[in-house]
Each structure stands twice: as C-alpha cells, then as structure tokens.
Amino acid sequence: MAIQSVRANVNGTWHTLTFNSDTGKWTATITAPGATSFHQPGGYYNVQIEAKNAAGTTTTEDASTLDGLKLYVKETVAPVITIVSPTDGAYVSNSRQPVVLNATDEQGGSGVNLSSLVIKMDGTPVTGGITSTAITNGYSITYTPETALEDGQHTFEATIKDNDGNISTAKSTTYTIDTVPPILNVTSPTDHLITAAASLTVSGTTNDATSSPVTVTIELNGTDQGAVTVSSSGVFSKTVTLQEGDNIILITATDAANKVTSVARTVTLDSSTPEITSVSMTPNPVDAGMTMLVEVVVV
C-alpha cells in the first residue's frame, strides 16, 4: 500500500516529512527544542512518528517502542561562578579563611552539576572542607581549608560543569593572610613623663612584614587626634596638646588585615611655677666654719 504522508511530532509540534525518491526515505529538517532535555522524563524528548497510507490507515511510533525516537538535547551555555568573598587583593587575619562562591546555571538550563566542582588552592586540587546550599539556579558553596595556611598570599580557583557537560570559566581570588599584629615602637614620649610644655610630639616607628603599610591612630584622653602620616619606612609623628595634670595617650597601629598593636603612655603636664614663701637659716649669724640649718617653704 502506498504511503500518503509521514509526519513527526517534536516537543508538541507536528512537522511534515517529504518523500525522497532517490533514497526512499521521508525527511525533514527540524529545529531542535530550545531547552535541554535534561529535565524531560527519562532525560529525552519523546518524538512521535505518524505514517498514513492511501487507505487512510495510520501507524504511530514513539520512544516507548523505538529507542531511535529518544531525542537528547543539550544546552550550550556554561554555568557561571561568582566569588563572593574574600575579594581579590583582600587581607584577612584568619589562617583558615572560608572562601564563598556562587555557582549558577541559566534559568531553564540543565542545572549545576555539584559533583563536577574542581577547587584548587595555590594550584593544588582539594576535596575536603567543602559545603553547599541550594540557591536559585544553583548553589552557594563554601570552602574552608582543613589545616591552617601560612601567612602570605594565597590563590583560590574553581570551575564547575552543568549537567550537560558545559564547563564554567575558571574564577579565582588572591588574598593575603596576616595573623601577626604589626610592630609598634613608640620612641616619644617616655611613659610617666612629667613636662611643663603643653605641646608634645608623639613619634615612633611601625611595620608589618606581611601587610604594610600600617595605619596609625593617636588618642589623647579618649579623643582621636586626627590623621597621622606614616612614611614608607614606617616613621610617624604627631603633635598633641596636653591638658593640665595626667594625660593618657593611646597609640594604635593597624595593618591591612585589621590586626592591631597598641601602646599607652601616661604624661603629666605641670605648668605651675614654684613659689618660695619662707626661708630661715639657724643660727644666723653663724660662727665661721660652723654648720647652720636652712629651711625653705615652697608651694
């Protein structure tokens, strides 16, 4: 019996096939569905083929009877990794600093394949210390080093695939670990200095081997004294005005990882002028070569 028509149903749309007398086949060029088949039942689109003969008898086949009608469609858009923290160039004081990233696939894509995650720390792949939480279109992933890293610069890198095998662009962040507070040497004033001058210069040197330059703040009796210039060699100085009596000066050095070192100095301002109120010498007159008692009252 002569075949009158053949058509194919792909993702709900029927397409008419044309008979090719040279090959004896019914053919059509059909655009594949625009979405991955990963989320379809069985992971494929169930294509239907309907053939009708001249007598009007129809035969229909689909993937349940012919494996060749299982249409697998893969997306071509790779997932995206975004590093949340620490940012590139950051300084941190935690030797086991967690790195947080988001791995997402486009809406309607095959989805992020969490098992394909590859993390490298300073170029070496790691597998432990990784946790994840589902978010929209992907995962929030946290990597925490299982052992403490040395102070200094470290580079984290990650890639991941979607369920159709597309791999993300590698994303990395380089940050510096600094667990050691800065060095702070206050050369002036000395502790418990007593002075008659209200103007006082606070000076010294500071340094941090890992995260220079260091910032310096100076507080006088709890009040910040404003910006303090620190030279490239770590030298700093600041002139402050003392109040009468005891003064507490707090000098604080802070490195880029927010590690701090503080030094306190107590300085007393005594601007009073001594007054001699009485003097006595006994005996007076005194015999030559003999001793006498001198008594003075000063306020």
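Preceding this paragraph is the structure being described.
This text gives an overview of the structure that appears in the document. (Residues numbered from 1 in each chain as written. Predicted model: local features only at pLDDT ≥ 70, side-chain atom pairs only at ≥ 80, totals over all residues. Heavy atoms only, no water.)

All right, on to the pairing of strand β15 (residues 152-162) then. Pairing of strand β11 (residues 112-121) with β15 involves six bridges; the strand directions are antiparallel. The residue of β15 that forms the bridge with Lys120 is Glu157. In this sheet, strand β16 (residues 171-177) lies alongside β15 in antiparallel orientation, the contact comprising seven bridges. Directly across from Phe156, in β16, lies its bridge partner Thr173. (Pairing = 2+ DSSP bridges. Helix = DSSP H or I, 4+ residues; strand = E, 2+ residues; numbered from the N terminus.)

What follows deals with the environment of Arg96. Within the secondary structure layout, Arg96 lies in the loop between β9 (91-92) and β10 (99-104). On the basis of relative accessible area, Arg96 is assigned to the partly exposed category, the value being 37%. Sequence separation between Arg96 and Pro41 is 55 residues; the distance between their C-alpha atoms is 43 Å. What Arg96 contacts, discounting residues up to four positions off in sequence, is Thr144, Pro145, Glu146, Thr147 and Ala148. (Buried < 20%, exposed > 50% of the residue type's maximum accessible area, 1.4 Å probe, protein only. Contact = heavy atoms within 4.5 Å.)

Here the focus is the pattern of salt bridges. Scanning the model with the defined rule gives two salt bridges in all. The salt bridge partner of Glu50 is Arg7, with a shortest N-O separation of 2.8 Å. Separated by 43 residues along the polypeptide, Glu50 in strand β5 (residues 48-53) and Arg7 in strand β1 (residues 3-10) bring together distant segments of the chain. Overall, the relative accessible area of 30% leaves Arg7 in the partly exposed class. (Salt bridge = Lys/Arg side-chain N within 4 Å of Asp/Glu carboxyl O.)

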